[in-house]
Amino acid sequence: MSHPTLHNQTKRNFLIYVFAAIAAFISPNLWAAAAGHDSALNLTNHLVGYLAVGIFVLAYSLVIAEDYLHMRKSKPVLVAAGIIWFMLGWIYTQHDMQEVAKEVFEVNLLEYAELLLFLLVAMTYINAMEERKVFDAIRVWMISKGLSLRSLFWLTGIMAFAISSFANNLTTAMLMCAIVLKVAKGNKAFINIACINIVVASNAGGAFSPFGDITTLMVWQAGLVRFEQFFVLFIPSVVNFVVPATIMSLFISSQPSQVIREEFEMKRGAKRIVFLFILTIATSVVAHSSFGMPPVLGMMTGLGYLKFFGYYLRRSLPRSLAKKRSEAEKRKDEKAIKRLGQVVPFDVFTKVAQAEWDTLLFFFGVVMCVGGLGFMGYLSLISHAMYTNWDPTYANIAAGVLSAIVDNIPVMYAVIAMNPPMDVTQWLLVTMTAGVGGSLLSVGSAAGVALMGQSKGMYTFFGHLKWSWAIALGYALSILVHLWING
């Protein structure tokens, strides 16, 4: 019997040889170069471009099959991103244009770095609130009120819609998901449908506010739509959220849960950490809206808030423990005395380490893959074909559907770069469709991808896909309402 390690090594070597043969087969003379060295090469009709698209499709297929393969979703996209950019680097080296490829790579890397740090701070705060038992407190409160699962479904959805209009929809979705995971612990069917509702609500809530989503920010900063004009999308956004939510809620039990009285106390500093998180979000909004700085500046400043407060918690812990131990001894509460002896000092870096790193690395692969394909010219090619051959309304609807497969940021960027002749109604339409179109698939938005990682198998791609028809109905009706009211 052959050794499995040697067998795998043989397969890897075979793949390397195949790729080397393909690379040797392709002649630099076949490449269509732009007029100057400061222009990008057009690789959309070349074998290298076809290979890149094939590699990306294969990688995304493996991501979709994560539940069956039990393979982390970051692995295929990381490898795909590496191969695509190695091919780009080799091609541009042949044309003595290494600096062009390097500059574009660094632009995409900067985009990812901002996203990484933003997510890392958000996850750190959520982990800190988790450790301080904030979500346990909400769970205990909901249990004591006897809320039904249907009430929880609507409550988290409405909160996600409202909060994402002024805060990042990804952060909002993660907060609501954390509550659902606590309150409905172990109920996979409900957690899946509640997470779908949260994703749809978060994306819809960010579509009518200039700083509710990155796509709206891009359109606003480009001067295509004025600040106050975005708010006419409020009613269409509500329709986009309410229609699928109403359909899904019919399949959720309305029976009140059993009222359980449970003694519970949050850890010291829990409420202050919640306040610091709200302050962090406010700082992020102010950094962008008032000073034109990236929102990540506010988030990193907020991480500083948490680190200072963590320092205070550590320094004041002995005094706090002594006071509580004295009170417990007076009550002769042996359990409380034992618990106080097991208290671990608060450590911010532990919360950073507990972030969902597979999701963060997955984002790197997606951003770099899409950036590489855009650099080859595919996104511009698709955008040009759509707005030249189709009516703008159909093209903008298709852009929203495309954003369910490809990240909405490059889709919107390609549309803005094309700058097709459209009125404000059409620019608002593509802003909305690009923002809410990602709800059609779980991998179509950052919120959906993050919740798949956060729920640890409770919310999945295929679980979301079962309800895509209801989401598509809300998508279509929101477009009709927008054209009826604002057209």
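Residues numbered from 1 in each chain as written. Predicted model: local features only at pLDDT ≥ 70, side-chain atom pairs only at ≥ 80, totals over all residues. Heavy atoms only, no water.

## What to know about the overall build of the protein
Basically, it comes down to this: Helix and strand definitions follow DSSP, with helices as H or I runs of at least four residues and strands as E runs of at least two, each counted in order from the N terminus. We call two residues in contact when some of their heavy atoms are within 4.5 Å. The protein chains shown are the only cover counted for residues, whose accessible areas, like all others here, come from Shrake-Rupley with a 1.4 Å probe.
Along the protein, the regular secondary structure elements total 23 helices and zero strands. For the protein, the proportion of contacts with a sequence separation of at least 24, taken over those separated by at least 6, is 79%. Carbon and sulfur atoms make up 66% of the accessible area of the protein, which totals about 23,500 Å².

## Section: helix 16 (residues 357-376)
Operational definition: In this analysis, the expected span of each helix is defined as 1.5 Å times one less than the number of residues it contains. Each residue is assigned to one of three classes by its accessible area relative to the maximum for its type, calculated with a 1.4 Å probe on protein chains only: buried under 20%, partly exposed between the two thresholds, exposed over 50%.
Here helix 16 contains 20 residues, and its C-alpha end-to-end distance of 29 Å stays within 8% of the 28 Å for a straight helix at 1.5 Å per residue. Where burial is concerned, most of helix 16 is hidden: 16 out of the 20 residues are buried. The positive-phi residue at the C-terminal boundary of helix 16 is G377, with phi of around 110°.

## Concerning the packing of helix 5 (residues 98-131) against helix 12 (residues 270-289)
Basically, it comes down to this: All axes here are fitted lines through C-alpha atoms, helices being fitted over the stretch that makes contact, and every angle between N-to-C directions spans 0 to 180 degrees. We call two directions roughly parallel when the angle between them is under 35 degrees, roughly antiparallel when it is over 145, roughly perpendicular when it lies between 65 and 115, and oblique otherwise. For any helix crossing, the convention is left-handed if the near helix is rotated counterclockwise from the far helix by under a right angle, and right-handed if that rotation is clockwise. Note on residue categories: nonpolar means Ala, Val, Leu, Ile, Met, Phe, Trp, Tyr, Cys or Pro, charged means Asp, Glu, Lys or Arg, and polar means any other residue, Gly included.
Running from N to C, helix 5 and helix 12 point in directions that differ by 165°, and their axes come no closer than 10 Å. Compared by their axis directions, helix 5 and helix 12 come out roughly antiparallel. Like other packed secondary-structure pairs, helix 5 and helix 12 cross with a definite hand, here left-handed. For the pair helix 5 and helix 12, contact is made by F118, Y125, A128 and M129 and by I273, V274, L276, F277, T280 and S284, respectively. Split by residue class, the contact of helix 5 with helix 12 holds eight nonpolar, two polar and no charged.

## Concerning unusual backbone geometry
The residue D96 is not glycine, and still its phi comes out positive at about 55°. Relative to the elements of secondary structure, D96 occurs in the loop between helix 4 (74-94) and helix 5.

## Some details on the environment of R268
Selection rule: Definition of a polar contact: a pair of N or O atoms within 3.5 Å, with one able to donate and the other able to accept a hydrogen when the atoms are protein atoms, and with sequence-neighbouring residues admitted only if both atoms are side-chain atoms.
When you line up the elements, R268 lands in the loop between helix 11 (234-249) and helix 12. Taking C-alpha positions, R268 is 9.9 Å from F346, a pair spaced 78 residues apart along the chain. At 2.9 Å, the side chain of R268 forms a polar contact with the backbone oxygen of L313. Polar side-chain contacts of R268 include one of 2.9 Å to the side chain of S316.

## So, the packing of helix 5 against helix 16
Here helix 5 crosses helix 16 at 155°, and the two axes come no closer than 10 Å. What the angle tells us is that helix 5 and helix 16 run roughly antiparallel. The two elements helix 5 and helix 16 cross, and the hand of that crossing is right-handed. Taken together, the residues that form the contact of helix 5 with helix 16 break down as 19 nonpolar, three polar and one charged.

## Quick look at the confidence of the model for the protein
Put simply, the test is: Confidence of the predictor at the level of single residues is captured by pLDDT, which takes values from 0 to 100.
Mean pLDDT for the protein: 79, with 82% of residues reaching 70 or above. Long-range and interchain partners of residues 1-38, a stretch whose pLDDT sits below 50, account for 34 contacts in this model, where long-range means more than four residues apart.

## Looking at helix 18 (residues 392-402)
Our working rule: Each direction from the helix axis to a C-beta atom contributes to the arc, which is the arc of those directions.
Those residues of helix 18 that sit buried are T393, A395, N396, A399 and G400. Across the axial projection of helix 18, the buried residues extend over an arc of 165°, all falling on one side. Between a side-chain oxygen at the N-terminus of helix 18 and the backbone nitrogen of T393 the separation is 2.9 Å; the capping residue is D391.

## Description of the environment of V366
Looking at where V366 falls in the secondary structure, it is placed in helix 16. Judged by relative accessible area, which is 9%, V366 ranks as buried. Sequence separation between V366 and S74 is 292 residues; the distance between their C-alpha atoms is 8.9 Å. Leaving out residues up to four positions away in the same chain, V366 has contacts with Y60 and V77.

## Comments concerning the pattern of salt bridges
Let me state the cut-off plainly: Salt bridges are identified by distance alone: a Lys or Arg side-chain nitrogen within 4 Å of an Asp or Glu carboxyl oxygen.
Applying the stated criterion to the full structure yields one salt bridge. K267 is paired through a salt bridge with E131; the nearest N and O atoms lie 3.1 Å apart. Of this pair, K267 sits in the loop between helix 11 and helix 12 while E131 sits in helix 5, and the two are 136 residues apart along the sequence.

## Focus: a nonpolar patch on the surface
Definition in use: The patches described consist of residues with a relative accessible area above 30% and no salt bridge, like charges being joined within 9 Å and nonpolar side chains (Val, Leu, Ile, Met, Phe, Trp, Tyr) within 5 Å.
Taken together, the side chains of Y68, L69, F462 and L465 make up a nonpolar region of the molecular surface, amounting to roughly 400 Å² of accessible area. At the level of secondary structure, the elements contributing two or more residues to the nonpolar patch comprise helix 3 (66-69) and helix 22 (461-465).

## Thoughts on the environment of L88
Mapped onto the elements of the fold, L88 is located in helix 4. With relative accessibility at 0%, the residue L88 sits in the buried group. Sequence spacing of L88 and L41 is 47 residues, and the spatial spacing of their C-alpha atoms is 9.6 Å. Not counting the four nearest positions on each side in its chain, L88 is found in contact with L43, G372, F375 and M376.

## Focus on the state of the cysteines
What counts is decided by this rule: Two cysteine sulfur atoms make up a disulfide if the distance between them is within 2.5 Å.
The full count for this structure, using the stated rule, is zero disulfides. In this structure C177 is not part of a disulfide, and its nearest cysteine sulfur, from C195, lies 3.7 Å away. On the basis of relative accessible area, C177 is assigned to the buried category, the value being 0%. Using a relative accessible area of 0% as the deciding quantity, one classes C195 as buried.

## Looking at the side chain of T433
Take T433: it is sitting in helix 20 (residues 424-436). Judged by its relative accessible area of 0%, T433 is buried. At 2.9 Å, the side chain of T433 and the backbone oxygen of N396 are in polar contact. Other than its neighbours up to four places away in sequence, T433 contacts N396, I397, G400, S403, Y475 and I479.

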